[in-house]
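Descriptive analysis of the structure
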Amino acid sequence: MSKEYILKTENLGIDFGGLTAVNNLNLKIEKNQIYGLIGPNGAGKTTVFNLLTKVYEPTRGKVIIDGQSTEKMDLVAVNKLGIARTFQNIRLFKELSVLDNVKVGLHNQKEYSLVSAIFRLPKFGSAEKEIESEAMELLDVLGLKEFADFKAKNLPYGKQRKLEIARALATHPKILLLDEPAAGMNPAETAELLDTVKFIRDHFQIAILLIEHDMKFVMGLCEKITVLNFGEVLAYGDPDDIKNNPEVIAAYLGSDE
Amino acid sequence: MEKMKQLFKKNNKNQALSFLLVIVMYVAIEALLKTGNLKSLYTSMLVPVCCYCIVALALNLVVGVSGELSLGHAGFMSIGAFTGVIVSGYLSNFIGSQMVCFAIAVVCGAIMAAIFGFVISIPVLKLEGDYLAIVTLAFGQIIKTLVNNIYLGYDQAGFHFSFVKNTIELQSGGKMFISGPVGATGTTITSNFTAGVIMILITLIIIYNFMNSRQGRAVMAARDDKIAAQSVGLDIVKTKTMVFVLSAALAGAAGVLYGLNFSTLVPSKFDFNTSILVLVYVVLGGLGNMFGTLISTIVLVMLPQLLRALNDYRMLIYAVLLIVIMIATNNKTIRDMITGVFNRKKAEGEGE
């Protein structure tokens, strides 16, 4: 039997009008793997994330998460299947507190009915207690515990990115997609984030797919890397293969043509 | 001790203030009433103020908390009011206690409004923004027109119903509940100020409990960012339906309170103007701010009465004052000045 893949795409592609943004993409991500998706600006990396999470409907091909095809599913359904993400242009619940942002992520994990909420039945108390403690735990993992009562919009940029990760983790995903998690962070913060991502993988036993421009970060973290260019796969392999691949270097630095 | 601490957290301060305001106002007004110091001009306004407070709180749930504009809340009031009149009129034949009749009428009015809320939420909540607002506006008009054409009576033979034209001939001892454009007449008045205040308090409890629950958080999350909310597995249509129905039910209950406060009630009372007025209370009070909504509702409902001395210029001055208040509350300098007075301590404690 072949290896178990937590996320697989088969000839995935999307066109916007006449423009092919992503074409023939075949990703295979194993359980507990940290996987990098890199490429120059406009290569279609974020579009891939939007396809995987069903923000966009693919024009061609399909996405298989944990053995299940996501055809005809929407954002909500694929999240329930076990995929969670962060966003390149941070999308937090701005007016809610940091803690509440994570609690929203736990919405489908610990449930109680509207009736028990309005009449404060015992079910409400016990469930809210669990929600609170798990949310605090997640904030602790990402070093946001002391900011729990802040409004999300008042957090510094780097911390907002971390809060997005905490919120995504709250949905108990099997694979976590991080869209430029280190953007806007200084070197010290980036180094810290690297450890955090590793810790998340080990602690929660999940796969992580990330988009990042910081090459040190990607090379130090990812076990497998796919390079996209103009929506097509340019290269695939271990960090060392990618680093020394002349085509990749040309794509990043610009070729002579 | 832990509970006490929580009570004074920033978020809960607003809640505590709301309850405090309602109770203090109640005690003060009751005292004035008992000593006979309140002009009858104002006593007649007490129940309507309570009613508008509840509707404004309910509407703030839709506009402020879930971020959708509804221009049809008077429709839910109307449904509640006339349901209440019918239920209370019918039950008074069997149940002696006016209180029990009233309570049952409130519950029935709320349920009826909730049902209508659910039915219109099916097409409405698939729309967004302006489109949704326009559909709710149309809904308000439809309800007004429908009620305007309903003739409903009751006698020993049971209920009699006709539409558009009054063809009902009741036996002696029978009673007309709704007679088309004339509305409900001869209603036994069972609403009172105390009932209104209790209903405000219950409304506040329901709304705050909702806002501090997983459902409430989900609604606010969907308001702040739809895509992100869906990406963490929130079914947005479901959560918004929940809020809309809850809000409709509360508006319906408020309608019952209103309907049972007058012996005659015309359907045209609950028109587009009423919806807009309530929206004004909500916007002035602050979106999602229940305490502010209470204050603005009380002030703006009473204002026309206070301006009565101005005779013909009353509504003109009212409009001018409204513009001034809106500008003043949106001016950052003035707002900082006001909040500065109230929250001097908070500014020092920031960063905790």
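Our structure's up above, just so we're on the same page.
The paragraphs below set out a description of the structure included in this document. Starting from 1, residues in each chain are numbered consecutively following that chain's sequence as written. Chain labels run from A onward and ligand labels from 1 onward, assigned in the order the entries are written. For a predicted model such as this one, the threshold for reporting local features is a pLDDT of at least 70, and the threshold for listing and counting side-chain atom pairs is 80 or more; totals across whole chains, interfaces and linings nevertheless cover every residue.

1. Quick look at the overall build of chain A
Spelled out, the test is: Here a strand is any run of E in DSSP of at least two residues, a helix any run of H or I of at least four, and the numbering for each starts at the N terminus. The quantity called the radius of gyration is restricted to C-alpha atoms. Its globule counterpart is 2.2 Å times the number of residues to the power 0.38. Placing a C-beta atom from the backbone of each residue, one calls two residues in contact when those atoms lie within 7 Å.
Per the secondary structure count, chain A includes ten helices and eleven strands. Computed over its C-alpha atoms, the radius of gyration of chain A comes to 19 Å, within 12% of the 18 Å expected for a compact globule of 257 residues. In chain A, of all internal contacts separated by at least 6 residues, the share reaching a separation of at least 24 is 67%.

2. Here we look at the pairing of strand E1 (residues 5-16) of chain A
Residue and element names in this part refer to chain A. The condition is simple: Pairing between two strands is assigned when DSSP locates at least 2 bridges connecting them.
Sheet analysis places E1 next to strand E3 (residues 28-30), joined by three bridges and oriented antiparallel. Across the sheet, the residue bridging to Tyr5 is Glu30, located in E3. Sheet analysis places E1 next to strand E5 (residues 60-65), joined by five bridges and oriented antiparallel. Residue Leu7 lies in a different strand from E5, and its bridge partner there is Ile65. Inspection of the sheet shows E1 paired to strand E2 (residues 19-25) by four bridges, in the antiparallel sense. Pairing of Asp15 across the sheet is with Thr20, part of E2. Counting the residues in the hairpin turn of E1 and E2 gives two residues, including Gly17, whose phi is positive at 60°.

3. Thoughts on the sheet that holds strand E3 (residues 175-179) of chain B
Residue and element names in this part refer to chain B. Selection criterion: To obtain each axis, a line is fitted to C-alpha atoms, and for helices this fit is confined to the stretch in contact; angles are then taken between N-to-C directions over 0 to 180 degrees.
Sheet architecture is open: three strands sit in the order E2-E1-E3, paired in antiparallel fashion. Looking at the sheet topology across the chains shown, the edges are occupied by strand E2 (158-163) and E3. Geometrically, the sheet is characterised by an average inter-axis angle of 15° between neighbouring strands, direction not taken into account. Bridge analysis of strand E1 (residues 150-155) against E2 gives six bridges, and the strand direction is antiparallel. If you follow Ile150 over to E2, its bridge partner there is Phe163. Contacting E1 and E3, helix H5 (residues 73-91) runs over the sheet at an angle of about 175° to E3.

4. What about the sheet that holds strand E10 (residues 224-229) of chain A?
Backbone hydrogen bonds are what pair the strands of a sheet, in a parallel or an antiparallel way. All names here are of chain A. One open sheet accounts for six strands, arranged E7-E8-E9-E4-E10-E11; its pairing is mixed. Each edge of the sheet is formed by a strand with only one pairing partner; in this case those strands are strand E7 (83-85) and strand E11 (232-237). Averaged over all pairs of adjacent strands, the angle between their axes in this sheet comes to 20°, without regard to strand direction. Direction of pairing for strand E4 (residues 34-38) relative to strand E9 (residues 207-211): parallel, over a ladder of four bridges. In the sheet register, Ile34 faces E9, and the bridge partner there is Ile208. Packing against the sheet, helix H1 (residues 45-52) makes contact with E4, E7, strand E8 (175-179), E9 and E10, and its axis sits at approximately 150° to E8.

5. Notes on the interface of chain A and chain B
Put simply, the rule is: Just so you know the grouping, Ala, Val, Leu, Ile, Met, Phe, Trp, Tyr, Cys and Pro go in nonpolar, Asp, Glu, Lys and Arg go in charged, and all remaining residues, Gly too, go in polar.
Contacts between chain A and chain B engage 28 residues on the former and 21 residues on the latter. Elements that contribute at least two residues to the side of chain A that touches chain B include exactly helix H2 (75-81), E7, helix H3 (98-105) and helix H4 (114-118) of chain A. Within the side of chain A that touches chain B, the residues separate by chemical class into 13 nonpolar, six polar and nine charged.

6. With respect to unusual backbone geometry
Residues and elements named next belong to chain A. Phi at Lys54 takes a positive value of approximately 70°, unusual for a residue other than glycine. Along the chain, Lys54 turns up in the loop between H1 and E5. One non-glycine residue, Lys72, lies in positive phi territory at about 65°. Of note, Lys72 is situated in the loop between strand E6 (68-69) and H2.

7. Considering the packing of helix H9 (residues 214-224) of chain B against helix H11 (residues 236-259) of chain B
Residues and elements named next belong to chain B. Using the following cut-off: An angle counts as roughly parallel when it lies under 35 degrees, as roughly antiparallel when it exceeds 145, as roughly perpendicular when it falls between 65 and 115, and as oblique in every other case. Left-handed describes a crossing whose near helix is turned anticlockwise from the far helix through less than a right angle; right-handed describes the clockwise counterpart.
Axis separation between H9 and H11 bottoms out at 9 Å; the angle between their running directions is 115°. One finds that H9 runs roughly perpendicular with respect to H11. In this structure, H9 meets H11 at a crossing whose hand is left-handed. For the pair H9 and H11, the contacting residues are Gln215, Ala218, Val219 and Ala222 in the first and Ile236, Thr239, Lys240, Met242 and Val243 in the second.

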